[in-house]
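Descriptive structure summary
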Amino acid sequence: MLMHWTNLEDLLRDFFRVRPNERLYIFCPFINTKLISELLGNRNNVTIITSWRKDHLVSGVSNLDLYELIVENPTWELFVNDRLHAKVFTYGFEEMLYGSANITRTALGDDPKSNYEFLDYGSLTDEDRYSLKQIIDASTHVSAQVHEKYLNWFETLDKDYNLPKPDSLFVNDADYRFLISQLPASVSPSRMWEILTEKSKPEKSWSEGSALKHDLDLFVNGQEEFQDREQYFDAIKNGVKMNAFVEAFCEQITEEGMFFGRAKEWIQSNCEDDPVPYRKELTAYVQSLFDWLTELFPNRFEVDRPNFSHRIRRID
């Protein structure tokens, strides 16, 4: 591990401008708009996740004019998440720069008044990729309408009063959005139980351990210890019932049933991910949904296979 303490601006500029055809993800709470424009130059495919907390906007460490860069660059996108504190810069969730430095003159400069900051190179683990993607899923995508709401709030402020409380303008509604990350990732609840009780080890070939963590976070708030199998299944059932995406999917299932291809079509048509996944990418998610629903609610759903295609149907 080599921690870089000086020339951080040059370090970031060089990192930002290589591999121009890959999407660059910038996780950084404080961003100087002019500085990030200089660092990025004319590159395409940039996703920025930053913080626009009220007190940060009023104090000037966060800037609403960052959105103007997004408008000028059609392949860029902007998200805000006021819980963000991490500083991570990565291509395709493989290589990364990370450390303490925000994209500000004070953080990246080398003059006597600059902060003591560092950056270091690293490679992302499956756990890192999972955590960063969870941050994006929990963030608010800044559209023209969202930006206008921020502007309206900011422009009506009396700038002479004390800084507002450290809260957000938007309440995060990620739990109610139809995102692919809101669907089960594990093979089945019983398979998760086997891993939790150490009767089996997670498959490393497809990051089953990360899938387990995803589903525990999603359906039981990260809980990993249960008194017995019954308590575990009750908790998972309650979590699934409260999941807006899964419940909306269940409402489409009739006594006549929904075939596998139709299920993929419905999920693709209703998910809010950007970009929308291809149907072939949804095969594992639909298979998991079929298995989860029939295992958790055997008196409500069943799966059969007429005409060589799996079908889930309502039986209650």
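Please read these numbers as outputs of a predicted model, since none were measured by experiment.

1. Topic: the overall build of the protein
Across its full length, the protein carries 13 helices and 10 strands. If one aligns the C-alpha atoms of the protein with their principal axes, the spans along those axes are about 70 × 45 × 40 Å. Summed over its atoms, the accessible surface of the protein is roughly 17,000 Å², and 48% of this surface lies on carbon and sulfur atoms. Of the side-chain charges in the protein, 35 are positive and 53 negative, and the distance between the mean point of each set is 2 Å.

2. Some points on the packing of aromatic side chains
In this structure the tally under the stated criterion is 15 aromatic pairs. Their ring planes at 65° and their centres at 5.8 Å tell us that Phe-16 and Phe-89 sit as a pair that is edge-to-face. Of this pair, Phe-16 sits in helix H1 (residues 8-17) while Phe-89 sits in strand S4 (residues 87-91), and the two are 73 residues apart along the sequence. The residues Phe-16 and Phe-89 share a single accessibility class, namely buried. Ring plane angle 50° and centroid distance 6.3 Å describe the contact between Trp-153 and Phe-154, whose orientation is recorded as tilted. Judged by relative accessible area, Phe-154 falls into the partly exposed class, the value being 23%.

3. A few points about the pairing of strand S2 (residues 46-50)
With respect to burial, S2 is a largely interior element, 5 of its 5 residues being buried. In S2, alternate side chains face the same way, and those of Val-46, Ile-48 and Thr-50 on one face and Thr-47 and Ile-49 on the other are all buried. Once you follow strand S1 (residues 24-27) into helix H2 (residues 33-40) and on to S2, the crossover reads as right-handed. As paired elements, S2 and strand S3 (residues 76-80) share 5 bridges and run parallel to each other. By the bridge assignment for S3, Thr-50 is matched with Val-80.

4. Focus: the packing of helix H12 (residues 260-270) against helix H13 (residues 283-296)
The N-to-C vectors of H12 and H13 enclose an angle of 110°; their axes lie 10 Å apart at closest approach. As far as their axial angle goes, H13 and H12 are roughly perpendicular. For the crossing formed where H12 meets H13, the hand is right-handed. Of the residues in H13, those touching H12 at Phe-260, Ala-263, Lys-264 and Ile-267 are Thr-283, Val-286, Gln-287, Leu-289 and Phe-290. In terms of residue class, the contact of H12 with H13 is built from 6 nonpolar, 2 polar and 1 charged.

5. Comments concerning the environment of Tyr-121
Note that Tyr-121 resides in strand S6 (residues 119-123). Every residue in contact with Tyr-121, bar those within four places of it in the chain, is listed here: His-4, Leu-11, Phe-15, Met-96, Leu-97 and Tyr-98.

6. Quick word on the nonpolar core
Of all hydrophobic cores here, the largest spans 38 residues; its most connected members are Phe-16, Ile-26, Trp-52, Phe-89 and Ile-103. The element best represented in this core is H1, accounting for 5 residues. Counting 37 residues, the second largest nonpolar core, distinct from the first, contains Val-240, Ala-248, Phe-290 and Leu-293.

7. Brief notes about the pattern of salt bridges
The final tally for this structure, using the stated rule, is 17 salt bridges. Put simply, Arg-19 and Glu-22 hold a salt bridge, and the shortest N to O gap is 2.7 Å. Look at Arg-19 and you get partly exposed, because its relative accessible area is 29%. On the basis of relative accessibility, which here comes to 29%, the residue Glu-22 falls in the partly exposed class.

8. Comments concerning the confidence of the model for the protein
Averaged over the protein, the pLDDT score is 88; the fraction of residues at 70 or greater is 93%. Per-element confidence in the protein is highest for S1, whose mean pLDDT is 96, and lowest for helix H3 (residues 54-59), whose mean pLDDT is 82.

Cut-off values and rules
Residues numbered from 1 in each chain as written. Predicted model: local features only at pLDDT ≥ 70, side-chain atom pairs only at ≥ 80, totals over all residues. Heavy atoms only, no water. Helix = DSSP H or I, 4+ residues; strand = E, 2+ residues; numbered from the N terminus. Areas by Shrake-Rupley, 256 points an atom, 1.4 Å probe, with all protein chains shown as cover. Lys, Arg positive; Asp, Glu negative; His and termini not counted. Charge placed at Lys NZ, Arg CZ, Asp CG, Glu CD. Phe/Tyr/Trp six-rings, centres within 6.5 Å; stacked < 30°, edge-to-face > 60°. Buried < 20%, exposed > 50% of the residue type's maximum accessible area, 1.4 Å probe, protein only. Right-handed = clockwise from strand over helix to strand, strands pointing away. Pairing = 2+ DSSP bridges. Axes fitted to C-alpha atoms, helices over the stretch in contact; angles between N-to-C directions. Parallel < 35°, antiparallel > 145°, perpendicular 65-115°, else oblique. Left-handed = near helix turned anticlockwise from the far one by under 90°. Contact = heavy atoms within 4.5 Å. Nonpolar A, V, L, I, M, F, W, Y, C, P; charged D, E, K, R; others polar. Core = buried A, V, L, I, M, F, W, Y, C linked by side-chain atoms within 4.5 Å. Salt bridge = Lys/Arg side-chain N within 4 Å of Asp/Glu carboxyl O. pLDDT = per-residue confidence, 0-100.

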